Amino acid sequence: MAVLLERINTQSPYFNEVEGLMNDAFPQEERRPQEAFKWLTDNENHFSCNALLYEKRLIGLLTYWDLGRFTYVEHLATWPWVRGKGWGADALAALKVKSSGNIVLEVEPPVDELTRRRVAFYRRNGFQLWDKSVYRQPPYGPGLPAVDLQLMVYGTLDENVDFSEVRRVIHTVVYGLEEPLL
């Protein structure tokens, strides 16, 4: 049995657990304030908050944006006790079926064992690291810093051709900026 991506809203029986995992898995500067996350989950048609389920048990979360030419993965996390079982790869495979064919996500630069393992996980799942272009994640809220990250891409997007447009779309649609952060 494969992992099921179940789109949820704030009334879902899984939402509180998903929100808890989000808070556990991501530092404050890499996630939205809770009220903004709840609002998007219930009101933004291009945003999808998903519970990752295995045999009806919550094992993780996947949030993404359908941005037309590409799908942007905002967050993917599983509970520590399920890591290494292939369920994160199953979740990405399910997303590939739902997406336009191109998927983009942000990762921390691979500078230590943990960040190298994350990048290796995505590479094993068909993603390429765009490492020539400087990418900064805009702050999620007032008083929070921008975060230096890198993009990884699955599909036919090309770093030399598409980076500026991908950054512009993510920064203006997902983060709500008027112009992309350089």
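Going by the structure above, here's the rest.
Because the structure is predicted, anything quoted here is derived from the model rather than measured. (Residues numbered from 1 in each chain as written. Predicted model: local features only at pLDDT ≥ 70, side-chain atom pairs only at ≥ 80, totals over all residues. Heavy atoms only, no water.)

A. Fine view of the side chain of Thr115. Residue position: Thr115 is located in helix H4 (residues 113-124). There is a polar contact of 2.8 Å between the side chain of Thr115 and the side chain of Asp112. Excluding anything up to four places from it in sequence, Thr115 contacts Glu108, Pro109 and Pro110. (Helix = DSSP H or I, 4+ residues; strand = E, 2+ residues; numbered from the N terminus. Polar contact = N/O pair within 3.5 Å; in protein donor to acceptor, adjacent residues only side chain to side chain. Contact = heavy atoms within 4.5 Å.)

B. View of the sheet that holds strand E1 (residues 4-7). Here we have seven strands laid out as an open sheet, ordered E1-E2-E3-E4-E5-E7-E6, and mixed in their pairing. The two strands at the open ends of the sheet, each matched to only one other strand, are E1 and strand E6 (128-137). For this sheet, the mean angle separating the axes of adjacent strands, direction not counted, is 35 degrees. The pairing of strand E4 (residues 71-78) with strand E5 (residues 103-107) spans three bridges and is classified as parallel. Its bridge partner being in E5, Thr71 is matched across the sheet by Ile103. Sheet strands touched by helix H2 (residues 34-43): strand E2 (47-54) and strand E3 (57-66). Its angle to E2, the strand with the most contacts, is close to 90 degrees. Taken strand by strand, helix H5 (residues 159-174) contacts E3, E4, E5, E6 and strand E7 (147-154), and its axis lies near 40 degrees from that of E6. (Pairing = 2+ DSSP bridges. Axes fitted to C-alpha atoms, helices over the stretch in contact; angles between N-to-C directions.)

C. Region of the structure containing the pairing of E3. When you tally the buried positions in E3, you get eight out of 10 residues, the bulk of the element. Linking E2 back to E3 in an antiparallel pair, the connection comprises two residues, with Glu55 at a positive phi of about 50 degrees. As defined by bridge partners, E3 adjoins E4 across seven bridges and the pair is classed as antiparallel. Bridged to Trp65 within E4 is Tyr72. The loop that links E3 with its antiparallel partner E4 comprises four residues; one of these, Gly68, has a positive phi angle of about 85 degrees. (Buried < 20%, exposed > 50% of the residue type's maximum accessible area, 1.4 Å probe, protein only.)

D. Quick look at the packing of aromatic side chains. With the rule as written, the count across this model stands at nine aromatic pairs. Ring centres of Phe37 and Phe47 lie 6.4 Å apart, and the angle between their planes is 85 degrees; this geometry places the pair in the edge-to-face category. Taken together, the positions of Phe37 in helix H2 and Phe47 in strand E2 put the pair 10 residues apart, joining distant regions of the chain. Here Tyr122 and Phe127 contribute two aromatic rings whose centre-to-centre distance is 5.6 Å and whose plane-to-plane angle is 70 degrees, an arrangement assigned as edge-to-face. Residue class for Tyr122 comes out buried when judged on its relative accessible area of 10%. (Phe/Tyr/Trp six-rings, centres within 6.5 Å; stacked < 30°, edge-to-face > 60°.)

E. Spatial organisation of the nonpolar core. Judged by nonpolar contacts, the single largest core of 58 residues is most densely connected at Phe70 and Ile170. The dominant element in this core, judged by the number of residues it contributes, is E3, at six residues. For Ile170, the contacting residues outside a window of four places in its chain are Leu67, Phe70, Tyr72, Val104, Glu106, Tyr135 and Tyr175. (Core = buried A, V, L, I, M, F, W, Y, C linked by side-chain atoms within 4.5 Å.)

F. Broad picture of the layout of surface pockets. Of the voids in this model, the largest pocket is the one considered here, and its volume is about 940 Å³. Looking at the largest pocket, it is lined by 31 residues, and the ones nearest its centre are Leu76, Arg83, Arg118, Phe121 and Tyr122. Elements supplying a minimum of two residues to the lining of the largest pocket: E4, helix H3 (87-98), E5 and H4. Here the element with the most residues in the lining of the largest pocket is E4; it accounts for seven residues. (1 Å grid on protein atoms, 1.4 Å probe; cavity = no way out; pocket = protein on both sides within 12 Å on 5 of 7 lines; lining within 4 Å. Points joined across faces, edges and corners; volume = space filled by probe spheres on them.)

G. Representation of the packing of helix H1 (residues 15-25) against H2 in the model. Two numbers describe how H1 lies on H2: the axes approach to 12 Å, and their chain directions differ by 135 degrees. If you check the angle between H1 and H2, you find them oblique. Judged by the sense of rotation from one axis to the other, the crossing of H1 with H2 is right-handed. Residues Phe15, Val18, Glu19, Met22 and Asn23 of H1 form the contact with H2, whose participating residues are Gln34, Phe37, Lys38 and Thr41. Its residues placed into classes, the contact of H1 with H2 shows four nonpolar, three polar and two charged. (Parallel < 35°, antiparallel > 145°, perpendicular 65-115°, else oblique. Left-handed = near helix turned anticlockwise from the far one by under 90°. Nonpolar A, V, L, I, M, F, W, Y, C, P; charged D, E, K, R; others polar.)

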